[in-house]
Amino acid sequence: MRKGVRDIIFGTCMLAVGGLLWWETSKPRYQADKVQDYGFDPAFFPRVLLGLWFLLTIVILARSVVVWSQEVEPQNWGRLAGSVVLSAAYIWLMDGIGFLFASVAFAIAIMVFLGLRRPMWIGLVGVLFPLLTWYCFVFLLQIPLPTSPWFVRL
Amino acid sequence: MESLGNALVLLADPATLAAIVAGIVFGMIVGAMPGLGSVLAITIALPFTFGMDKVPSIALVLAIYCASVYGGSLSAILINTPGTPQSAATVLDGFPMTRQGKADLALGWATMASLIGGLFSAAVLIVAAPQLARFALRFGAIETFALIGMALTCIAGVSRGSMFKGLLAGVLGLFLATVGTDPMTGSVRFDFGIFELSGGFKLIPVVVGLFAFAEVFSRIAERRTELHDVTAAVGFKLAPLAEWLARWKTIVRSAVIGTFIGVLPGTGAATASFIAYSEAKRVGRFRERLGTGEPEGVVASETANNAVTGGALVPTLALGIPGDPVTAVMMSALIIQGIQPGVRLFVDNPDVMNAAFMALIVCNLLMFAVGALAAPIITRVLRMPESILLAMVLVLSVVGSYGVSGRMFDVMVSVVFGIVGYLFRICNVPTAPVVIGMVLGPIFEESLRQGLILTDGDFLAFFGPEHPIAMVLLVITVLIVVIPIWRHLRARSSGPSAQAGR
């Protein structure tokens, strides 16, 4: 992909998000209440920021022609998508089966996904690291982590 | 004196000393790993501070900060790859020394130079921060607004990528801070019907997402190779005193450069080390030998980058304005502990701050000891396969974002911001201004609205003769934006004529 195309996509997305946020500020809940807000309603500052947001985005879009011909470093989108899906699955699992079991499953899965092929390392790190982290937080630092439906602290 | 005595008692607590040692070892390891760096080191250690007392948690964060900057030099010297950008200039002479079979000596030079730089800047911090805070007590809402505006513009202006993208990232950070309850009217803004958003975004999940998750995602997507192997065993050796005395001018110059650059918002240790290196090359005693394995190059770079640590803490602690993402994350660690950096910090928490200053000195001294004893062992961690490292970072990142308030929502926020941070990297948009904008957003909005109330809605009155400090800050802000644009336009207009002339 060319850098100019990248900047146009980025700028267009920022304009769209900015437009949605501006539309949100036009809702009645953001309207002025002279007694409460001393003449500056809750949408005042966000609108100032959105004004700057639009201005800077337009400059970035205008500048995209300067970098038009340069190429963006190629990315491995498949690996990225895989890691995002695994992370999302990790969060979903953690909510259901608790931190420890979900972390063991995730650590093993992500190491295998990233190409590690040493069973001893996968087993050791995949089990010991989540176990150590869980023990350290729950027992030493007294910070609760998500638990499973089967055990009290696990 | 009583406050100093109380501070000593707090520092002598075994938990504090243990936190310092643990922080140094952890910081050195993460700092030595190419590409990880100080922000990630502090971010993934943040959850450990949740359950700790104030002084041990501050000591832990300070130790990680100092040691991660130093740790970058280990991989720079041994494998020709700086662990952090701060140590990029160390490669120029550090690795040639390794190739000459003097790796042990290079580690000795780097460790001692880091100690000197760190102690010098700690001394400046101790003297300057309370004075600056005292001066800043005169600041009203309008001056605060102008100061934050200048700091944000400066940070965005010197960030990686274009200045406009940096400024847009800063605006985005300020906008994120508006999500949740409006501090002046109590109205809820931009919650989109999601209950968890009514309290706003928590800083830690956003930081974890933008730095930790985004780093992991981009490493995975860039298809980087496995980390380098440290093949040869290395030791640690200090050069004779006469060698150090021969380079004392470079040491002092680099310490001053590093501390001064640290105080400036947005510049950072990488800039400091390169400026110190180029000064050594310009006026240093051994300037002809620089680049061929001359210790003066290692000394210049390492003294300067560690001298940034204390300098960068001056505006963070005294004004509550972090100059870079590392100090922004450190500031959030203080806020978690109920300590608000800013002009009242030294008045409200004298014991804790004195203990923190002493902890910084102890951190630097222990960093030297740990470096001398364990650097050769710690460098073996560089052999760890990247897949293991990334798995560990992800698990700790999830714990970090969950631990803030025990909500799965914050973990989801982290992953979403991880994707956003990754896309920003692809688009060459710096993420540091987002975090700093988010930290400064509430006080920026409050000072703007209070200032407008004071001036009956007249924004131009902010910069009138009644507010000389604000006027000076505004002029600096305008110059920060205008000068690069003017230079760029001048270069473009002179480009074709210069080519025609050739």
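Residues numbered from 1 in each chain as written. Chains lettered and ligands numbered in written order. Predicted model: local features only at pLDDT ≥ 70, side-chain atom pairs only at ≥ 80, totals over all residues. Heavy atoms only, no water.

Draft legend 1. Highlighting the overall build of chain B. Regarding its fold elements, chain B presents 20 helices and two strands. In terms of C-alpha radius of gyration, chain B reaches 23 Å, essentially the compact-globule figure of 23 Å for 502 residues. Taking all 502 residues of chain B together, the buried fraction comes to 61%. Carbon and sulfur atoms provide 66% of the accessible area of chain B, an area that totals close to 18,300 Å². Both charge centroids of chain B, one from 31 positive and one from 29 negative side chains, sit 11 Å from each other. (Helix = DSSP H or I, 4+ residues; strand = E, 2+ residues; numbered from the N terminus. Rg over C-alpha atoms; globule rule 2.2 N^0.38 Å. Buried < 20%, exposed > 50% of the residue type's maximum accessible area, 1.4 Å probe, protein only. Areas by Shrake-Rupley, 256 points an atom, 1.4 Å probe, with all protein chains shown as cover. Lys, Arg positive; Asp, Glu negative; His and termini not counted. Charge placed at Lys NZ, Arg CZ, Asp CG, Glu CD.)

Draft legend 2. The arrangement of the confidence of the model for chain B in detail. On average, residues of chain B score 85 in pLDDT, and 94% of them are at 70 or above. Long-range and interchain partners of residues 498-502 of chain B, a stretch whose pLDDT sits below 50, account for zero contacts in this model, where long-range means more than four residues apart. (pLDDT = per-residue confidence, 0-100. Contact = heavy atoms within 4.5 Å.)

Draft legend 3. Molecular detail of the environment of Glu 71 of chain A. All names here are of chain A. By secondary structure assignment, the location of Glu 71 is in the loop between helix 3 (44-63) and helix 4 (77-97). The exposure class assigned to Glu 71 is partly exposed, which follows from its relative accessible area of 49%. Considering only alpha carbons, one finds Glu 71 and Ile 97, 26 residues apart in sequence, at a separation of 44 Å. Once you skip the residues sitting within four places of it in the chain, Glu 71 turns out to touch Met 1, Arg 2 and Lys 3.

Draft legend 4. Region of interest: the interface of chain B and chain A. Each side of the interface is counted separately: chain B has 63 residues, and chain A has 62 residues. Our count for the chain B to chain A interface comes out at two salt bridges. A salt bridge links Arg 29 of chain A to Asp 191 of chain B, with the nearest nitrogen and oxygen atoms 2.9 Å apart. Contributing elements (two or more residues each) for the side of chain B that touches chain A: helix 3 (37-49), helix 8 (163-178), strand 2 (188-189), helix 9 (203-221), helix 17 (386-403), helix 18 (408-426), helix 19 (432-454) and helix 20 (468-501) of chain B. With twelve residues, the single largest contributor to the side of chain B that touches chain A is helix 17 of chain B. (Salt bridge = Lys/Arg side-chain N within 4 Å of Asp/Glu carboxyl O.)

Draft legend 5. Highlighting the domain arrangement of chain A. By domain assignment, chain A separates into domain 1 (3-63) and domain 2 (78-140). Computed over C-alpha atoms, the centres of domain 1 of chain A and domain 2 of chain A are 39 Å apart. (Domains from an automatic or database assignment.)

Draft legend 6. The side chain of Thr 259 of chain B, seen in detail. Residues and elements named next belong to chain B. When you line up the elements, Thr 259 lands in helix 11 (residues 248-263). Exposure remark for Thr 259: the relative accessible area of 4% places this residue in the buried category. Setting aside anything within four residues of it in sequence, one finds Thr 259 in contact with Phe 120, Ser 121, Val 124, Ala 307, Val 308 and Gly 311.

Draft legend 7. Quick look at the pattern of salt bridges. Enumeration according to the criterion identifies 18 salt bridges over all chains in this entry. The partner of Asp 7 of chain A in a salt bridge is Arg 6 of chain A, with the nearest N and O atoms 3.0 Å apart. As far as burial versus exposure is concerned, Asp 7 of chain A and Arg 6 of chain A are alike and both buried. Here Arg 449 of chain B makes a salt bridge to Asp 182 of chain B, at a shortest N to O gap of 2.9 Å. In this pair, Arg 449 of chain B is assigned in helix 19 and Asp 182 of chain B in the loop between strand 1 (180-181) and strand 2, connecting sequence segments 267 residues apart. Of the two residues, Arg 449 of chain B and Asp 182 of chain B, neither departs from the other in class, the shared state being buried. It is possible to trace a salt-bridge network through shared partners that takes in Glu 24, Lys 27 and Arg 29 of chain A together with Asp 191 of chain B.

Draft legend 8. Broad picture of the packing of aromatic side chains. The full count for this structure, using the stated rule, is 24 aromatic pairs over all chains. Centroid distance Phe 145 of chain B to Phe 462 of chain B: 5.5 Å. Interplanar angle 85°. Geometry classified as edge-to-face. Linking Phe 145 of chain B in helix 7 (residues 141-157) with Phe 462 of chain B in the loop between helix 19 and helix 20, this pair joins segments that are 317 residues apart in sequence. Here Phe 145 of chain B and Phe 462 of chain B have matching classes, each one buried. For the pair Phe 213 of chain B and Phe 217 of chain B, a centre-to-centre distance of 6.0 Å together with 45° between the ring planes defines the contact as tilted. Taken together, the residues Phe 213 of chain B and Phe 217 of chain B, both in helix 9 and four residues apart, mark about one turn of the helix. Across the pair, exposure class does not vary: Phe 213 of chain B and Phe 217 of chain B are buried alike. Taken together, the ring pairs connect Phe 45 of chain A together with Phe 145, Phe 444, Phe 459, Phe 462 and Phe 463 of chain B into an aromatic cluster. Above the plane of the ring of Trp 22 of chain A lies Arg 47 of chain A, whose end atom (NZ or CZ) is 5.5 Å from the centre. (Phe/Tyr/Trp six-rings, centres within 6.5 Å; stacked < 30°, edge-to-face > 60°. Lys NZ or Arg CZ within 6 Å of the ring centre and 35° of its normal.)

Draft legend 9. Representation of the side chain of Thr 25 of chain A within the structure. Summarising the element assignment, Thr 25 of chain A is placed in helix 1 (residues 3-25). By relative accessible area, which is 0% here, Thr 25 of chain A ends up buried. The contact partners of Thr 25 of chain A, leaving out residues within four places of it in the chain, are Tyr 30, Gln 31, Ala 43, Pro 46, Arg 47 and Leu 50 of chain A together with Phe 190 of chain B.

Draft legend 10. Quick peek at the environment of Ile 339 of chain B. All names here are of chain B. Along the chain, the position of Ile 339 falls in the loop between helix 14 (325-336) and helix 15 (345-348). You can call Ile 339 buried: its relative accessible area is 1%. Once you skip the residues sitting within four places of it in the chain, Ile 339 turns out to touch Lys 54, Ile 58, Leu 334, Leu 345, Asn 349 and Val 352.

Draft legend 11. Structural detail: the nonpolar core. With 205 residues, the main nonpolar core has Trp 53 of chain A together with Met 28, Leu 62, Tyr 65, Leu 317 and Phe 346 of chain B as its most contacted residues. Tallying contributions element by element places helix 4 (residues 54-79) of chain B first for this core, with 17 residues. Here this core gathers at least three residues from each of two domains, domain 1 (3-63) and domain 2 (78-140) of chain A. Leu 62 of chain B has contacts with Leu 313, Met 330, Ala 356, Ala 359, Leu 360 and Cys 363 of chain B, leaving out every residue within four places of it along the chain. (Core = buried A, V, L, I, M, F, W, Y, C linked by side-chain atoms within 4.5 Å.)

Draft legend 12. Structural context of a nonpolar patch on the surface. A grouping of Met 120, Leu 124, Leu 128 and Leu 131 of chain A is seen on the molecular surface, where their side chains present a nonpolar patch of about 390 Å² in accessible area. On the secondary structure map, Leu 128 of chain A appears in helix 6 (residues 119-140). (Patch = residues over 30% accessible without salt bridge, like charges linked within 9 Å, V, L, I, M, F, W, Y side chains within 5 Å.)

Draft legend 13. Region of the structure containing helix 4 of chain A. End to end, helix 4 of chain A covers 29 Å across 21 residues, agreeing with the expected 30 Å (1.5 Å per residue, within 8%). Packing partners of the buried residues in helix 4 of chain A comprise helix 5 (99-113) of chain A together with helix 9, helix 17 and helix 18 of chain B. One or two residues past the end of helix 4 of chain A sits Gly 98 of chain A, with phi positive at roughly 90°. (Expected span 1.5 Å × (residues − 1).)

Draft legend 14. Up close: helix 6 of chain A. All names here are of chain A. For helix 6, spanning 22 residues, the distance from its first C-alpha to its last is 30 Å, which sits close to the expected 32 Å at 1.5 Å a residue. Of the positions making up helix 6, those classed as buried are Ile 122, Val 125, Gly 126, Phe 129, Pro 130, Thr 133, Trp 134, Phe 137 and Val 138. For helix 6, the arc enclosing every buried residue in end-on projection is 140°, short of the 170-degree limit, so these residues lie on one face. Projecting away from the buried face of helix 6 at angles above 90 degrees are the exposed residues Pro 119, Met 120, Leu 132 and Leu 140. (Arc of directions from axis to C-beta.)

Draft legend 15. Expanded view of the packing of helix 4 of chain A against helix 18 of chain B. In the contact formed by helix 4 of chain A and helix 18 of chain B, the axes pass within 10 Å of each other and the chain directions differ by 170°. Taken together, the axes of helix 4 of chain A and helix 18 of chain B are roughly antiparallel relative to one another. Note on element contacts: helix 18 of chain B touches helix 4 of chain A through Met 408, Val 411, Met 412, Val 415, Ile 419, Tyr 422 and Ile 426 of chain B, opposite Trp 77, Leu 80, Val 84, Ile 91, Met 94 and Asp 95 of chain A. Grouping the amino acids of the contact of helix 4 of chain A with helix 18 of chain B by side-chain chemistry returns twelve nonpolar, no polar and one charged. (Axes fitted to C-alpha atoms, helices over the stretch in contact; angles between N-to-C directions. Parallel < 35°, antiparallel > 145°, perpendicular 65-115°, else oblique. Nonpolar A, V, L, I, M, F, W, Y, C, P; charged D, E, K, R; others polar.)

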